[in-house]
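Listed below are the residues making up each chain.
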Amino acid sequence: MSNYQLHSNETSLSIPRIITVDSVNYYEILVKCGQVMWTVNHRYRDFADLHDRLVADRGVSKDKLPPKKVIGNKSPTFLKKRQEALEQYLKEMLIFLKVTMPREFVEFLDFHRYDIIFMVQHLACSLFLRGDAFLAKSKKYGFSVLELHAISERMKIPCPPTEAANSSYNFSHILDFCAQLETIIVLPTKNSLPTILYDDDTDKYIPHALHKPVGSSNLIPVQLRYELSVFKTLRNLIIYGVPTKNIQNVGALRETLSRIEVYKSETKQICQIALCDNVHKDADEEELDKLKQWRNLRHAVFKENQLTDIDRTIRLFPALKDLVLDKNKLESIAHLSHLNNLQVLSLRCNRIVQCPNWHIQLGNLVTLNLAQNRIRLLEGLARLYSLVNLDLSCNAIDDINEIDHIGNLPLLENLRLLGNPVAGGVDYRARVLSRFGERLQEIYLDNEKGNQTEYDMALVLSALRISAQKSQRKLHSLLDSSVGVEEGEGDTKQGQGGDSEPQTPGTSKGASR
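Conventions we followed
Residues numbered from 1 in each chain as written. Predicted model: local features only at pLDDT ≥ 70, side-chain atom pairs only at ≥ 80, totals over all residues. Heavy atoms only, no water. Helix = DSSP H or I, 4+ residues; strand = E, 2+ residues; numbered from the N terminus. Areas by Shrake-Rupley, 256 points an atom, 1.4 Å probe, with all protein chains shown as cover. Expected span 1.5 Å × (residues − 1). Buried < 20%, exposed > 50% of the residue type's maximum accessible area, 1.4 Å probe, protein only. Contact = heavy atoms within 4.5 Å. Core = buried A, V, L, I, M, F, W, Y, C linked by side-chain atoms within 4.5 Å. pLDDT = per-residue confidence, 0-100. Polar contact = N/O pair within 3.5 Å; in protein donor to acceptor, adjacent residues only side chain to side chain. Axes fitted to C-alpha atoms, helices over the stretch in contact; angles between N-to-C directions. Parallel < 35°, antiparallel > 145°, perpendicular 65-115°, else oblique. Nonpolar A, V, L, I, M, F, W, Y, C, P; charged D, E, K, R; others polar. Pairing = 2+ DSSP bridges. Phe/Tyr/Trp six-rings, centres within 6.5 Å; stacked < 30°, edge-to-face > 60°.

In the nomenclature of an unreviewed UniProt entry, the protein corresponds to PX domain-containing protein from the organism Anopheles atroparvus.

## Considering the overall build of the protein
Along the protein, the regular secondary structure elements total 16 helices and 19 strands. When the accessible surface of the protein is summed, it comes to about 26600 Å², and 50% of that surface belongs to carbon and sulfur atoms.

## Re helix α3 (residues 76-96)
Taking 1.5 Å per residue as the helical rise, α3 with its 21 residues ought to reach 30 Å, and the 30 Å between its terminal C-alpha atoms agrees with that figure. Every buried residue belonging to α3 is among F78, L79, R82, Q83, L86, E87, Y89, L90, M93 and L94, and all of these are buried. Contacts made by the buried residues of α3 are with α1 (4-7), β1 (11-21), β2 (24-33), α2 (44-58) and α4 (103-108).

## Points about unusual backbone geometry
Phi at K327 takes a positive value of approximately 55°, unusual for a residue other than glycine. On the secondary structure map, K327 appears in the loop between β13 (322-324) and β14 (344-346). The class for K327 is buried, based on a relative accessible area of 13%. One non-glycine residue, H335, lies in positive phi territory at about 65°.

## Side note on the nonpolar core
Within the largest apolar cluster, 129 residues are counted, with the highest numbers of intra-cluster contacts made by F302 and L381. In terms of residue count, the dominant contributor to this core is helix α6 (residues 116-137) (eight residues). With residues near it in sequence (within four places) discarded, L381 still touches C355, W358, L368, L370, L390, L392, I406 and L409. In this structure, I238, Y240, Y263 and V324 belong to the second largest nonpolar core, which totals seven residues.

## Some details on the confidence of the model for the protein
Chain-level pLDDT for the protein is 85 on average; 86% of the residues reach the 70-or-more range. With pLDDT under 50 throughout, residues 194-208 is counted as low confidence; its partners more than four residues away or in other chains account for 27 contacts.

## Quick notes on the side chain of S393
Relative to the assigned elements, S393 resides in the loop between β16 (389-391) and α13 (404-407). Among the polar contacts made by the side chain of S393, one reaches the side chain of D391 at a distance of 2.7 Å. With residues up to four places along the chain from it excluded, the contact list for S393 reads L370, A371, Q372, R416, L417, L418 and N420.

## Re the environment of L253
For L253, the location among the structural elements is in helix α10 (residues 253-256). Between the alpha carbons of L253 and K232 there is a distance of 7.5 Å; along the sequence they are 21 residues apart.

## With respect to the packing of α6 against helix α7 (residues 145-154)
Two measures define how a pair of helices packs: the angle their axes make with one another and the distance between the axes. Remark: α6 packs on α7, axes separated minimally by 9 Å, with the N-to-C direction vectors making an angle of 105°. Classified by the interaxial angle, the pair formed by α6 and α7 is roughly perpendicular. Within the contact between the two elements, α6 uses I116, I117, M119, V120 and L123 and α7 uses L146, E147, A150, I151, E153 and R154. Split into classes, the residues belonging to the contact of α6 with α7 amount to eight nonpolar, no polar and three charged.

## Here's the deal with the sheet that holds β2
With antiparallel pairing, three strands are arranged side by side in an open sheet as β1-β2-β3. Strand pairing shows two members of the sheet lacking a second neighbour, β1 and β3 (36-42), which therefore form its edges. Taking the axes of each pair of neighbouring strands and ignoring which way they run, one obtains an average angle of 20° across the sheet. Bridge analysis of β2 against β3 gives seven bridges, and the strand direction is antiparallel. In the strand pairing of β3, L30 is matched with T39. Against the sheet, α3 makes contact with β1 and β2, and its axis sits at roughly 150° relative to β1, the strand it touches most.

## Section: the packing of aromatic side chains
Each aromatic ring pair is specified by the distance between its two centres and by the angle formed by the two planes. Inspection of the entire model under this criterion finds 15 aromatic pairs. Aromatic side chains F143 and F231 sit 5.6 Å apart centroid to centroid with 70° between the ring planes, which places their arrangement in the edge-to-face category. A residue pair is termed long-range when its members are at least 10 positions apart, and F143 in strand β4 (residues 140-144) and F231 in the loop between β8 (226-227) and β9 (236-240) qualify at 88 residues. A relative accessible area of 0% places F231 in the buried class. Plain terms: the ring middles of F302 and F317 are 6.3 Å apart, the flat faces sit at 50° to each other, and that makes the pair tilted. You can see F302 sitting in strand β12 (residues 299-303) and its partner F317 sitting in the loop between β12 and β13, a full 15 residues away along the chain.

So, in structure tokens, the structure goes:
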């Protein structure tokens, strides 16, 4: 962002062109302040309104503004001359108002949108007038990354003269307001929530606002770093479309935060969140034990990012109860055995194919969402004995016998299988319910309990299956016993032949006698 206080001598104004929209002429003003630049469009009427206020309040000479012309004001020659005259007017006003920079001139040139000092002053004035009323209704507020960057940078510089001259601009209004908030939403820009899209069909992330310049400036949100140390009692942090690696200091959030949500931020590893303000994010086991944990964090939503694995820094969230990792690129899970309190895990829309021995990591899990993955086999879920809710919809399960692996889970009540090949078979519901034996009436399959017809058919199918299994076991037993008898008879014959005393060649009983 620009800093007029530091770069006032490197600030320039120009009008490079005229834009005509619906027969109305707008003069495009190019503002440059250091390395930052932006444009703002105004009609001649806007210039006239600004000039009237500057004449009345700031002692500007009345004849500085080019005069208004009623006839011939749309001819190219006249417009070119007015363009040059208005540019000269802006340059003279910048020189005249260089030190005081009144609010009307600042807002006319959009300094309050792109400059650190003027954005902070604009926010401070707004909170001075409406902050208490806002907090009385809600302790939740949305900040753009520009605002947070401006607040963070303002903390590092002395009080500017314009702020000291007007108490409504005092930076303390912002600090007091932030210290009382309980929930904040961090966005690339104000009102940018609907502009960050995710293409579900191609599974391709489309960062519409993340790498796009803000407004008419050359500022890129993804390049702006910020601190969160001004929030003293924050309980909920929602980051939408902004990389967590841009956070320089989380302050007291590791102690106060109970919920964190990170959406569409291009995050590839958990460590980019758990160690967001650490320079080194590849800590080994010994270093992890020394790092400060997020002790009160109960709920974490890391949705629609680009996570490829769950790294060991997940242990820095020891009190976590709910973990949502939907719409990432996960193929397996790891290190979740450190989360002894974890009860809800959602892995919807990932790339999971198998679930080998998940009970080792998810011993206390109550709810598991695996919808829209690539799972065919369910043996790895057979020992999740605390599981109550299981969503397996839209996977690749095509064998009804796979249900046997979860049919004996003692607490399972809600099961979703729609969208799998097995759900397209004849009497699908009755066939699935039959795998739960005496508990079939306790099961909600695809959000519905079975009806009496389905229960009757399920009991018949269950009885037939049990009978077939008994017959099969009996047949195996008979086959095993018959093989045993044949082997025994062979051993007997071999034994009888072995009992006969061997004859010495050339001898007989008579000869021996």
